[in-house]
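One letter stands for each residue in the lines below.
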Amino acid sequence: MEIPPRYNPKDRESKILQKWLEGAVYHAEQNPSQKPFSIVIPPPNVTGILHMGHALNNTIQDVLIRYRRMQKYQALWMPGTDHAGIATQNVVERELAKEGKTKEDIGRENFLKRLWQWRDKYGSTIINQLKKIGSSCDWQRLRFTMDEDYSQAVGEVFLQLFNQNLIYRGNYIINWCPRCQTALSDEEAAHKEVDGWLYYLRYPVKTKEGNPSFITVATTRPETMLGDTAVAINPQDKRYSWLKDSEVILPIVERSLKIVEDEAVDPEFGTGIVKVTPAHDPVDFQLGKKHNLEFINIMNKDATLNGNVPEDFQGIDRFEARAMLIELLTQKKLIEKKEPYNLGAGHCYRCSTIIEPRISLQWFVRMKPLAQEAIKVVQQDKIKFHPHRWKKVYLNWMFNIQDWCISRQIWWGHRIPVWYCQDCYNSDSNDRKGIIVAKEAPEKCPDCGGGKLAQDQDVLDTWFSSWLWPFATFGWPFEKSEDRNQKIEVRKKEFEYFYPTNTLVTASEILFFWVARMIMASLKFTGKIPFSDVIIHGTVRDDKGIKMSKSLGNVIDPLEIVDKYGADALRFSLMFLAASGSDVYLSNDKFLMGRNFSNKIWNANRFIFSQLRDKKINIDKLGYKIEDESDAWILDHLNKTITACTESIENQRIDEAIKTAYDFFWHFFCDWYLEIIKDNFSQIKANNSVFILLSALKLLHPFIPFISEEIFSLIKKNTSLDLTEFISESGWPEKEKIDIDSNSLVIFTKMIDTVDKIRDLRGNLGLAQEKISLEVRTDASLKEFWARHQGWFNKLIAAESISLVDKLDRVFYQNKYWEINLKIDSADLAKFKQVLDKKISNFTSLIAKSKTKLNNKKFVEKAPKDIVEKEKSKQDDFSRQLIRLKNLKEIIV
RNA sequence: GGGUGCAUGGCUCAGUUGGUUAGAGCGCUGCGUUCACAUCGCAGAGGUCUCUGGUUCGAAUCCAGAUGCGCCCACCA
């Protein structure tokens, strides 16, 4: 069997993936004899295409799942997609627009048909992409937020909240996106700074003699003046106490404005007088309620001005109207001045259009009652955030939580399960007469018996279904109903087994949107926390630190990386770079690291197998035998690596885990052990190297599943070992409990140090090519070691001969156990002298430092004894080295 | 305005409860390809750990302040 010298992931990954899918290695079922471990995927938008953020997010989850699966947990990773109301509707609307049609043209029913068609066609794109990067979800359980069962849960939740008076309908000021033409929640209105102007407008005043004939108000949105119904001042502000007896006239509209006093007005800002537009500003809305002002809505759904403004402005867009107004007011000399001003304006999180605050009739959830428990569980660390600092961010938001606007004026989503009785419902009234909330369409009004019922036209916020994700995906609620009967018991059992889930992995952006709400929903409806740990990872940025986004064109497509370097390379580099919670800076070359590592593993495997083949060695039992110091040393490091790696994953430090495993494989196993056994590939060494290789592959499998699976199956094929079919079934490695002689470890470590230093000397002496001869002086007990392992040195430092002597003319290298002289004919002594001088001065200063420390009585008194001892032996060692170097310099020069 | 985080070699970052001659990857320099891997090996250069003060026998690490970045939240029109 010929093994190519380069690992080609492209050939292999798809075959391995196929094998996994056929073997259903991801499937988990409730099984009381095993411990459960479960994660629910943050469901990507059904419109989604895999981006680097997904790759990062899902690789972390996959590492955790694969790790637990190897530990013989029933590891369930629940996959699925989110219907993503506005986003998906926008996509299909854009498609329609290409045909020159609007959704209204084809009607609600047909439009929804188009949406489902679209979902059926493209909805699995991101799922297939997730598979491609190795995500080991339980694909048999794929969920969608608009599945029939899932929708049942949404309806149930609405019903329960309504019955407990935690849902209400009312006219309030909400965030309105004039482009999507729907209400948005506060979270969906992203505050961004916008360059703008602060205009100072003059409003004429009818007042007593001696008072000013106008007042000046400041505003960033002059067009809203058309809806002004008052001006407000601070009651403490004596400058304007005269205003109370005056009448203010709104220019252009010529409306008389009320004058109100309110503490909310900051006398320091602007002129200290505020224009009040109760229907188009959240603060003014509050003022309007408080002072019983008139609410004049001046805008249509698309933010053009409506019939409540003077005729010239009707039908004009808000920003155009602003320009027109400025011009008109300037003509009338009613603009005092304007100043450049940065204002924080809400932007639609789906289309970035500037939000217009607008009063409309919407459904809301009372959040304060839901928040209480959700605050407690986090305060008590029943749910832990990683990194820990997010706890504070979460709590801060929860303490200040506002009611949640959940109705959306779009068509794609869960229709609000509410019917209004045409006979007795009055939307202006606060009572619930004529409102029927039900999972099935009711026949008549329970209040008046009327039969004219109309369902609410709106749908629910996407997040109103997402917040149920951790338990609705398990089939909650578990009440019997005709078509759900058979499955219900199974589902209930599964839920009891897997729930609460263990870890949620997410980006900080959706902490409030999703994480906080899931905690509230789960506590409310299941009485349990939804997960015990929340891992919050960083944002993916380009190499300049700018967030990757399609619109900026600075994205790296993860699938292109998979194509070029393999999914393992993608995953490896992401995990290597993603320190816990910190942002990940990416550029194409970052993935070379992952590719190179795959290739290194491939070649280590290639070496071992070519040796097995050439030497006709068969391996039928995986016993590890310690034959010499190298076997002890590498096993000791393997044991340490297993411990460290396991601990790191347990502590949610995936980057640390992968670095440890990487370092072991490359810089311990390949660099030293494989080099050393090259010339002595005995049966024992063969066994040992396969043993180490297998253990290392298992450690690496959660991070780089494809190549580890591939080599695992090659081992299975090329040995007589009794291995499981898949590496994931082979168990997480445990420390090998063989007595390891500590003396062997010390000697081997000294050997490595010796090799390092002699290589260094070789370079510094300008002996790059030449073979060199060594004279070694050592104790009788270690002569045997040197005699036995001449081959190691010959190989590792290209030595020609090594002679054991009792006396050395000069010492190039020394440690506690042996001293070495290099026999050299010719050397670059000038260069070497420089190096010696540098080292001498280096050691001189180290000794000086050490001396000051040890001469410091307080240090000797107060520092722990072992530290002082360490310092002493350090100083001794430095001194020995210094003497050696000085002698060497004398002899050489 | 409130909150929160970061500042370590050219770049991106590690550095656990204060005690190392401060590390890694990439980049750079020199040497090296029949002998697993040039997607490689060996060696090297490069850091007053942002600044100031404090605690301590001892600070990259703890505390305070300053400076510079970043993120989140917020109704100063």
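Conventions adopted
Residues numbered from 1 in each chain as written. Chains lettered and ligands numbered in written order. Predicted model: local features only at pLDDT ≥ 70, side-chain atom pairs only at ≥ 80, totals over all residues. Heavy atoms only, no water. Helix = DSSP H or I, 4+ residues; strand = E, 2+ residues; numbered from the N terminus. Buried < 20%, exposed > 50% of the residue type's maximum accessible area, 1.4 Å probe, protein only. Lys, Arg positive; Asp, Glu negative; His and termini not counted. Salt bridge = Lys/Arg side-chain N within 4 Å of Asp/Glu carboxyl O. Contact = heavy atoms within 4.5 Å. 1 Å grid on protein atoms, 1.4 Å probe; cavity = no way out; pocket = protein on both sides within 12 Å on 5 of 7 lines; lining within 4 Å. Points joined across faces, edges and corners; volume = space filled by probe spheres on them. Nonpolar A, V, L, I, M, F, W, Y, C, P; charged D, E, K, R; others polar. Arc of directions from axis to C-beta. Near = heavy atom within 4 Å. Polar contact = N/O pair within 3.5 Å; in protein donor to acceptor, adjacent residues only side chain to side chain. Patch = residues over 30% accessible without salt bridge, like charges linked within 9 Å, V, L, I, M, F, W, Y side chains within 5 Å. Areas by Shrake-Rupley, 256 points an atom, 1.4 Å probe, with all protein chains shown as cover. Charge placed at Lys NZ, Arg CZ, Asp CG, Glu CD. Pairing = 2+ DSSP bridges. Disulfide = S-S within 2.5 Å. Core = buried A, V, L, I, M, F, W, Y, C linked by side-chain atoms within 4.5 Å. pLDDT = per-residue confidence, 0-100. Phe/Tyr/Trp six-rings, centres within 6.5 Å; stacked < 30°, edge-to-face > 60°. Lys NZ or Arg CZ within 6 Å of the ring centre and 35° of its normal.

A. How the structure looks around the side chain of Arg358. Positionally, Arg358 belongs in strand β14 (residues 356-365). Here Arg358 occupies a buried position and makes no salt bridge, while the nearest side chain of opposite charge, Asp302, is found at 8.0 Å. Residues within four places of Arg358 in sequence aside, it is in contact with Tyr172, Ile173, Ile174, Trp176, Ala279, Asn297, Met299, Asn300 and Lys301.

B. Looking closely at empty space enclosed by the protein. According to the stated counting rule, one finds one cavity of 30 Å³ or more in the structure shown. As a volume, the largest cavity reaches approximately 40 Å³. If you go around the largest cavity, the residues you meet are Glu187, Met367, Trp397, Ile401, Gln402, Asp403, Trp404 and Arg517. Grouping the amino acids of the lining of the largest cavity by side-chain chemistry returns four nonpolar, one polar and three charged.

C. Here's a closer look at helix α23 (residues 780-788). Every buried residue of α23 is accounted for by Leu782, Phe785 and Trp786. Across the axial projection of α23, the buried residues extend over an arc of 95°, all falling on one side. Buried residues along α23 sit against α18 (629-650), α22 (742-764), β26 (772-778), α24 (790-796), β27 (799-804) and β29 (818-823).

D. Representation of the protein's contact with RNA strand B within the structure. Within the structure, RNA strand B sits among 51 residues, and Tyr341, Lys392, Trp666, Lys862 and Lys874 are positioned closest to it. Measuring from a phosphate oxygen of RNA strand B, one finds a side-chain N or O atom of Arg653 at 3.3 Å. The separation between a phosphate oxygen of RNA strand B and a polar side-chain atom of Asp756 is 3.1 Å. Those elements giving two or more residues to the surface near RNA strand B turn out to be β8 (214-219), α17 (590-614), α19 (654-677), α22, α25 (829-855), α26 (857-862) and α27 (865-892). With nine residues, α17 is the largest single contributor of residues to the surface near RNA strand B. Partitioned by chemical class, the residues of the surface near RNA strand B number 22 nonpolar, 10 polar and 19 charged.

E. Molecular detail of a positive patch on the surface. A cluster of like positive charges, contributed by Arg94, Lys98, Arg179 and Lys550, occupies part of the molecular surface. Structurally, Arg94 is set in helix α3 (residues 85-98).

F. Seen up close, the sheet that holds β14. With antiparallel pairing, four strands are arranged side by side in an open sheet as β6-β5-β14-β16. Two strands close off the open sheet at either side, each with one partner strand: β6 (182-184) and β16 (404-405). Here strand β5 (residues 167-177) pairs with β6 via three bridges, running antiparallel. Each residue of the ladder has a partner; that of Cys177, found in β6, is Thr182.

G. Expanded view of the state of the cysteines. Overall, the coordinates contain zero disulfides when judged by the stated rule. Cys177 provides the cysteine sulfur closest to Cys351, a residue in no disulfide bond, and the two sulfurs are 3.5 Å apart. Among the cysteines around Cys448, which has no disulfide bond, Cys421 carries the closest sulfur, lying 3.4 Å off. Under the relative-accessibility criterion, Cys448 is labelled partly exposed at 40%.

H. Broad picture of the nonpolar core. Grouped together as the largest cluster of nonpolar side chains are 215 residues, with contacts concentrated most on Met52, Phe464, Leu468 and Phe669. No other element matches the 15 residues that α19 contributes to this core. With residues near it in sequence (within four places) discarded, Leu468 still touches Tyr150, Ala153, Val154, Val157, Thr473, Ala521 and Phe525.

I. Up close: the confidence of the model for chain A. Here chain A averages 89 in pLDDT, while 98% of its residues score no lower than 70. This prediction of the complex comes with two scores: 0.93 for pTM and 0.94 for ipTM.

J. View of the packing of aromatic side chains. Across all of its chains, the model carries 59 aromatic pairs by this definition. With a centroid separation of 5.5 Å and 65° between ring planes, the pair formed by Phe285 and Phe295 is classed as edge-to-face. With Phe285 in helix α7 (residues 282-290) and Phe295 in the loop between α7 and α8 (318-331), this pair connects stretches of sequence that are 10 residues apart. Ring centres of Phe474 and Phe498 lie 6.3 Å apart, and the angle between their planes is 25°; this geometry places the pair in the stacked category. In this pair, Phe474 is assigned in the loop between α12 (469-472) and α13 (485-498) and Phe498 in helix α13, connecting sequence segments 24 residues apart. Phe498 carries the same exposure label as Phe474, and that label is buried. Lys337 extends its terminal NZ or CZ atom over the ring of Tyr200, reaching a point 4.4 Å from the ring centre.

K. Seen up close, the pairing of β29. Counting buried positions along β29 yields five of six residues, so the element is predominantly enclosed. Relative to β29, β26 runs antiparallel, the two being bridged by six bridges. Directly across from Val776, in β29, lies its bridge partner Ile820. Across two bridges, the pairing between strand β28 (residues 813-814) and β29 is antiparallel. Within the sheet, the bridge partner assigned to Tyr813 lies in β29 and is Ile820. In textbook terms, the turn of a hairpin is the stretch between consecutive antiparallel strands, and for β28 and β29 this stretch comprises three residues.

L. Summary view of unusual backbone geometry. With an omega of 0°, the peptide bond running from Trp476 to Pro477 counts as cis. Along the chain, Pro477 turns up in the loop between α12 and α13. Here the residue pair Tyr499 and Pro500 is connected by a cis peptide bond, since its omega of 0° sits within 30 degrees of zero. Look at Ala303: it is not a glycine, yet its phi comes out positive at around 65°. For Ala303, a relative accessible area of 2% gives the class buried.

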